[in-house]
Amino acid sequence: MDKLLIPRPKSAGIILSYKCTSICKHCMYASSPYWSSDWISLEQLEHTIYMLSETIVSSSFDPKNVGVNVGLHFTGGEPFLNYNLLVNAVKIARKYDIPSVFVETNCFWSTDDNIVRDRLIELKNFGLDGVLVSVNPFLLEYIPFERTERTINIGYEIFRQNLMVYQEYYRMLFKKLNIKATLSFEEFLKKAGPTWVHYIELLPMGRAVYKLDMLFRKYPAKYFFGQSCYHELTRDWHIHIDNYGNYVPGYCGGISLGNLKDFETLFNGLFLNELPIIKALAKDIKILYEMGVKDFGYKENVEGYISKCHLCLDIRKHMVEKGCKFNELKPIEFYRNLS
Ligand code: SF4
């Protein structure tokens, strides 16, 4: 395989910046307050939305219908940290008639009913189709649950079924446990008991591989040998483009298939000889492991790995820490914000 053919994305998220109010243990993009305030410029934002306008497809129900992996969403980091930019993003999306546009939020800003109502009505009037509210015990360490509830309740008045809660299971659990404020993860574990973990969706990638590894069984590196990431790298149903223009496949934080400025050439096929990490991952993760050991002195984690993404990320992180400069390992700050 000399070339990797990337299909045009049907749905995408635009990372307005990686900056966030929280350092959630499960964050796939290693967002945190410590990231530089490199918000996407208006010019780049318009270029990104214009490029995506040719490829994003509408929900099969209705162009105004939203879904977690449908249409276009604005994310981060936390988009409401730069509300003016978010307003502009919504206006530009409307200008290019993008279907199923929503914003994802951690609700840190939902301190008052009037603020929430005013902002959500304003965004809807500018063309926003929906809102996705994140609810999970990792965010609960930073955001009082009463703010989350406020956004959900007022958001539902304004957006009805286009107010999405991800994940509803946690909302019900927090209500049942009568949680109102923040709660440390350790306290949550004590309150919720051991069974909650069976009912949730938690992707074993990004920061979770270091902060939540105790929730998973671990395996030696060779357990994952023979696995390829071809399908994740060539996924068309959902990709992300970050504020630096990196084309991030699927949910693979810290990997860039190219830059948005080369949007057209990206879909002519990637020359794998110029992208050794992608080349290895598209074939067999064992090749990445051997490259890490032989060329960069990587040592296997004796405690094991919770997933192939854990192995992949640990090797990539090691390479970056050794000062390696691969075009596909971007942004570098991602690797510095994992822990
Ligand atoms: S192993 Fe790496 S490339 Fe493959 S899906 Fe996981 S993070 Fe992405």
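You'll find the structure just up there.
Just so it is clear, the model here is predicted, and its values are computed rather than measured.

Asker: Residue-level account of the pairing of strand β5 (residues 130-134), with values.
Answerer: Summarising burial for β5: five of the five residues are buried, a large majority. What you see with β5 is no split at all: Gly130, Leu132 and Ser134 on one side and Val131 and Val133 on the other are buried throughout. Taking the sense of rotation as the criterion, the β-α-β connection linking strand β4 (residues 101-105), helix α3 (residues 113-126) and β5 turns out right-handed. Bridge count for β5 against strand β6 (residues 163-166) is four bridges, and the pairing is parallel. Looking at the pairing, Val131 lines up with Leu163 of β6.

Asker: Give me unusual backbone geometry: which residues, what numbers.
Answerer: Residues Tyr166 and Gln167 are joined by a peptide bond in cis, for which omega reads 25 degrees. Looking at the element boundaries, Gln167 is found in the loop between β6 and α5 (168-176). Following Lys330, the chain continues to Pro331 via a peptide bond in cis, the omega torsion being -10 degrees. By secondary structure assignment, the location of Pro331 is in the loop between α12 (308-321) and α13 (332-336). Positioned with a positive phi, Ala30 is a non-glycine residue whose angle comes to about 55 degrees. Along the polypeptide, Ala30 turns up in the loop between β2 (12-15) and α1 (42-53). With relative accessibility at 0%, the residue Ala30 sits in the buried group. Its identity as a non-glycine residue notwithstanding, Arg160 has a phi of 50 degrees, on the positive side. Mapped onto the elements of the fold, Arg160 is located in the loop between α4 (145-159) and β6.

Asker: How would you explain the site of the ligand if you had to name every residue and give the values?
Answerer: In the region of the ligand, the neighbouring residues are Cys229, Glu232, Cys252, Ile255, Leu281, Lys308, Cys309, Cys312 and Arg316. Among the elements that line the shell around the ligand, the one with the most residues is α12, at four residues. In terms of residue class, the shell around the ligand is made up of six nonpolar, no polar and three charged.

Rules and cut-offs
- Residues numbered from 1 in each chain as written.
- Predicted model: local features only at pLDDT ≥ 70, side-chain atom pairs only at ≥ 80, totals over all residues.
- Heavy atoms only, no water.
- Buried < 20%, exposed > 50% of the residue type's maximum accessible area, 1.4 Å probe, protein only.
- Helix = DSSP H or I, 4+ residues; strand = E, 2+ residues; numbered from the N terminus.
- Right-handed = clockwise from strand over helix to strand, strands pointing away.
- Pairing = 2+ DSSP bridges.
- Near = heavy atom within 4 Å.
- Nonpolar A, V, L, I, M, F, W, Y, C, P; charged D, E, K, R; others polar.

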